[in-house]
Structures are given as C-alpha cells and as structure tokens.
Amino acid sequence: MEILTFEYRGGQPVASPPPSVLVGVVGSGNLEVLVEPAPLGGLCRIEVQTAAVGFGATWQAVLDDVFARHPLADIRISINDVGATPAVVGLRLDQALDAFAGGAQA
Amino acid sequence: MSSYYENSARGRLAGLLDPGSLVEILPPTERVVSPHLRQLDTPAAFDDGIVVGEGRLAGRRVLAAAQEGGFMGGAVGEVHGAKLTGLLERALDTRPDGVLLLVESGGVRLHEANAGLIAVSEVMRAVLAVRASGIPVIVLDGGTFGCFGGMGIVSRLCDAVVMSEEGRLGLSGPEVIETTMGVEEFDSRDRALVWRTVGGKHRYLLGEATTLVEDDVAAFRAAALSLLDQLSDPGPDLSLAALEAEHAVLGSRLERFGDCGDALDIWERLGVEEPEKLPILDTADFLATVRDRRA
C-alpha cells in the first residue's frame, strides 16, 4: 500500500457545503472518495491510500485534471483505492465533487 | 422500480427507510477503520463495510444496519462486527419498534482471524438478547454477494428473513464447497445450480425465508413493514417447548429430504408439478404455483 498527498491552491470555497459526501466502494478496481469541508486556508488537500504501489505520477496527472475541472478550496478529499484505473478515478471524483458543490448527497 | 440487488448498502438503506430519516452512527467521517487491514498493508473502508443507524420505516422507529458486499464481500471484521453488536445492544436501551439487518456477507473476514470470529459470535448473542426482550429482528437478503458463513447463522437466529429470488442464504458458500469438496460435488460456476440450492425461491420453499419479494427496494420495504407489524403483537414464542417443536420439524425435514441429491428432487417431493419450471417463473407466478407446497 502507498499513501500519497496532493495539495492545490487557487480554488474557490463552496458557499454552503454539505457536511460530507461519500461515493464509491473499496473494492477491486474501485475506490471510495470522501469529501469534507475543512479550514485549510484556501487549500484543496487530497489524501490517497492505494493498494497499487508506484503510480504517484499517474495520480498527479489525474488529480491535476480533476482540479482543473473542479477548482475548489477549503476541502479535504480522502481516497481509499484498490487499483482503480485513471478513468474510474476521474469519474468517481467528478461524481463526488458534483455532489459536494451541488449540495446533493450521492 | 429500484433494484435491491444492484444497489449499494447506502442506496438500499436510503430507499428502504423514510426519506432523510437515517441518522448514521459512526459515519465514514469518523474514520473508525479496521486496525488489522492496515497491518496487512490493505486499504480500509471508512465505514468498515457497514452502515448502522437509526431511522423511520413508515413512521415506526427502527434501528438498521446494511452490509456492503463490495468491500471484502461484506465480511465481518472486528470494527464491522462491533458496529453491528453495538447497534443491537442499543436496541435494548432505546427499545425501537424493530431492528432491520440488510445482510450481504461472506461471513467472517478471514484477514482478521479470531477477532472476526469473536465479533460474529458477539453479534449472535446480541441478536438473541434483542429477540428475548421482545423487539423483532428482521433480515433482508437480496444483495449481490448473498449471505453466508457466520452471517448465514445470524440470519437464521432472527425473527424473520425477507429474500428475493436473487438473494442467497447458506452456511458454506458455493465456492467454499467447491474448494473443499471438489467440483464434482458442487460447481460454483453453475449459476442455475447455485440459485436453486441457496437462492431465495428454495429458501422460501423450505420455510427458511419468511417472505419472498421481487428484486425491488420498495418491495423489501413493504415486506419489512408488514413483518414489523405482524411480529410485534404478539411477540415470538421463545419457550423451551416451542424450540423443541422447531427442532422436531428440522429433524423431520432431514427424514423427508435427506436422500435428495438436488433441490429439484425436494421440490418434486413437496408436490410441485413440473419442478424444473420453478426457476424461470417470476415472483408472483412462483408464489401462486407453490402455494400450500412449502415444507
């Protein structure tokens, strides 16, 4: 298992965020994404625990794209991953962040 | 119509209970995760694969738990089991109208060895304590992964079991039987064999499933509500005489069907005409066909 942390600046906080959003399941080829508001001084922090070791650069590329689509601030995103492909990771994060920003619990 | 089989544990619970009524205990944000999986260098789930909480079912106060089969097959680890036991023990304090267990589990989480085994035995004891206090415990079994091992035993310790045709209930799961006894004994990839042996229709015919419903969250909700009302007044007969009578029934079942090599033989002996047609009937036709034919 590998633990990776990513931080992004320059996003905007969500006006009235839900207490939390959880999508996905920790199963083979899948991941769970937990999104919570957090007082991080404008930071978006993403913590990844993944069963697939050695894919830090891939995570970086996928998460750069996700942040470009969802430039949010003061949020903590926690991920438990069991070898999801980059496409699945991107879709799950879109699902979670849409729900978070839209206020709808997925 | 929303498929119970295809839904996640959270989706099932959301559709089963009154909208917005669920108050989760130890939600994912609390991060009460398995301490064992970390030692094994395996990713944990924030809820350890089970949702527990309080909610309402058509206004009635219920405690509910839903196992997520997608995480390690819904297997019971130390935290997972403690959440289930804690929920059941809470029922003794808060005295809800019933406890609903949305089971989906392969049984003990073998990664956690003795901690998982102890957890399951604690769940069993807690179920019996809740039943003895007069609060009905109702099992709903229609998930993708079925219900086996320790959770299969737990299910049969409860007051009632609601199943869909898609649900499966047993002790050793099909793959376990194949691994230990050989593919000649049981081919776990023969889906027709698996479902007619451990599936909802067979369990209903044997009397192990109280109610058989369609694969629809709303149908499970209606069945749970109906059972809640049936079971609350009067409560179940848990006297020694009633238990001995139940044992006698089980003994006679072995005498009646002990020599049957396949569920089809049992259905034939129950007096079902054209037993080979039962698997293809939809739920309503099946229930009409087997009326007065249950063991």
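Residues numbered from 1 in each chain as written. Chains lettered and ligands numbered in written order. Predicted model: local features only at pLDDT ≥ 70, side-chain atom pairs only at ≥ 80, totals over all residues. Heavy atoms only, no water.

Per the UniProt entry, the sites bearing "domain: CoA carboxyltransferase N-terminal" (unreviewed entry) are residues 1-236 of chain B in this numbering. Strand forms 16% of residues 1-236 of chain B and helix 41%; the C-alpha atoms that close the span are 33 Å apart. (UniProt positions renumbered as here; feature names shortened; annotations may be inferred. Helix = DSSP H or I, 4+ residues; strand = E, 2+ residues; numbered from the N terminus.)

Right, let's get into the sheet that holds strand S7 (residues 211-213) of chain B. All names here are of chain B. Strand order across the open sheet formed by seven strands is S1-S2-S3-S4-S5-S6-S7, with mixed pairing between neighbours. Across the chains shown, the open sheet's two edge strands, defined by having one partner strand only, are strand S1 (23-25) and S7. When strand polarity is set aside, the average angle formed by the axes of neighbouring strands in this sheet is 25 degrees. Pairing analysis gives eight bridges linking strand S2 (residues 50-57) to strand S3 (residues 60-67), with the strands arranged antiparallel. Each residue of the ladder has a partner; that of Leu57, found in S3, is Arg60. Against the sheet, helix H3 (residues 78-94) makes contact with S1, S2, S3 and strand S4 (98-102), and its axis sits at roughly 170 degrees relative to S3, the strand it touches most. (Pairing = 2+ DSSP bridges. Axes fitted to C-alpha atoms, helices over the stretch in contact; angles between N-to-C directions. Contact = heavy atoms within 4.5 Å.)

Moving on to the environment of Met151(B). All names here are of chain B. Here Met151 shows up in helix H5 (residues 149-157). With relative accessibility at 1%, the residue Met151 sits in the buried group. C-alpha of Met151 to C-alpha of Thr210: the two residues are 59 residues apart in sequence and 17 Å apart in space. Once residues lying within four places of it in the same chain are set aside, the contact partners of Met151 are Gln67, Val76, Leu84, Val103, Ser105 and Gly107. (Buried < 20%, exposed > 50% of the residue type's maximum accessible area, 1.4 Å probe, protein only.)

Before going further, it helps to spend a moment on the packing of aromatic side chains. All names here are of chain A. Evaluated as defined, the whole model comprises three aromatic pairs over all chains. Note on Tyr8 and Phe67: the rings are 4.8 Å apart at their centroids and 15 degrees apart in plane angle, and the pair reads as stacked. Placement of the pair is Tyr8 in strand S1 (residues 2-8) and Phe67 in helix H1 (residues 56-69), with a sequence separation of 59 residues. For the pair shown, Tyr8 and Phe67 are each scored as buried. (Phe/Tyr/Trp six-rings, centres within 6.5 Å; stacked < 30°, edge-to-face > 60°.)

We now examine the sheet that holds strand S7 (residues 75-81) of chain A. Residue and element names in this part refer to chain A. Ordered by their spatial adjacency, five strands build an open sheet running S1-S5-S7-S4-S3, and the pairing between neighbours is mixed. Edge strands, defined here as strands with exactly one partner in the open sheet, are S1 and strand S3 (21-23). Sheet twist, expressed as the average angle between the axes of neighbouring strands with direction ignored, equals 10 degrees. Across seven bridges, the pairing between strand S5 (residues 44-50) and S7 is parallel. The residue bridging Thr50 from the neighbouring strand is Asp81, located in S7. Across the sheet, H1 is in contact with S1, strand S4 (31-37), S5 and S7; its angle to S1 comes to roughly 30 degrees.

Across the boundary between the two partners, chain A contributes 18 residues, which contact 15 residues of chain B. Carbon and sulfur atoms supply 61% of the area that chain A and chain B bury against each other, a total of about 1300 Å² over both sides. Interface area lost by chain A to chain B is led by Met1(A), Val25(A) and Val26(A), which between them contribute 40%. Summed over the shared surface of chain A and chain B, the number is one salt bridge. Notably, a salt bridge pairs Arg31(B) with Glu36(A), separated by 2.7 Å at the nearest N-O pair. Taken together, the elements giving at least two residues each to the side of chain A that touches chain B come down to S4, S5 and S7 of chain A. Residues of the side of chain A that touches chain B, tallied by class, amount to eight nonpolar, six polar and four charged. (Buried area = accessible area lost by both parts, 1.4 Å probe. Salt bridge = Lys/Arg side-chain N within 4 Å of Asp/Glu carboxyl O. Nonpolar A, V, L, I, M, F, W, Y, C, P; charged D, E, K, R; others polar.)

Empty space left among the atoms is revealed by rolling a probe the size of a water molecule over them. Residues and elements named next belong to chain B. For the largest pocket, the calculated volume is near 1700 Å³. Around the largest pocket, the lining is made up of 49 residues, and of these Arg156, Leu206, Glu208, Leu250 and Arg253 lie nearest the centre. Of all the elements in the fold, those that place two or more residues in the lining of the largest pocket are helix H4 (113-132), H5, strand S6 (160-164), helix H7 (191-198), helix H8 (200-205), helix H10 (240-257) and helix H11 (263-269). Tallying contributions element by element places H10 first for the lining of the largest pocket, with eleven residues. Looking at the lining of the largest pocket, its residues break down into 27 nonpolar, eleven polar and eleven charged. (1 Å grid on protein atoms, 1.4 Å probe; cavity = no way out; pocket = protein on both sides within 12 Å on 5 of 7 lines; lining within 4 Å. Points joined across faces, edges and corners; volume = space filled by probe spheres on them.)

The next point concerns the pattern of salt bridges. Opposite charge on two side chains permits them to pair, given that their charged atoms come into close proximity. All names here are of chain B. Scanning the entire structure with this criterion turns up 19 salt bridges over all chains. Linking Glu208 and Arg203 is a salt bridge whose minimum nitrogen-to-oxygen distance equals 2.8 Å. The two residues Glu208 and Arg203 agree in class, both being buried. Lys277 serves as the salt-bridge partner of Glu274, at 3.1 Å between the closest nitrogen and oxygen. One salt-bridge network, held together by shared partners, links Arg10, Glu24 and Asp47.

Glancing now at H3(B). Residues and elements named next belong to chain B. For H3, spanning 17 residues, the distance from its first C-alpha to its last is 24 Å, which sits close to the expected 24 Å at 1.5 Å a residue. All of the buried residues in H3 are Val79, His80, Gly81, Lys83, Leu84, Thr85, Leu87, Leu88 and Ala91. After H3 finishes, the residue Arg95 shows a positive phi value of roughly 45 degrees. (Expected span 1.5 Å × (residues − 1).)

Take the packing of H4(B) against H5(B) next. Residue and element names in this part refer to chain B. For the pair H4 and H5, the least separation of the axes is 10 Å and the interaxial angle reads 5 degrees. Taken together, H4 and H5 sit at an angle that is classed as roughly parallel. The residues of H5 that touch H4, namely those facing Val120, Val123, Met124, Val127, Leu128 and Arg131, are Gly150, Ile153, Val154 and Leu157. Residue classes in the contact of H4 with H5 are distributed as eight nonpolar, one polar and one charged. (Parallel < 35°, antiparallel > 145°, perpendicular 65-115°, else oblique.)

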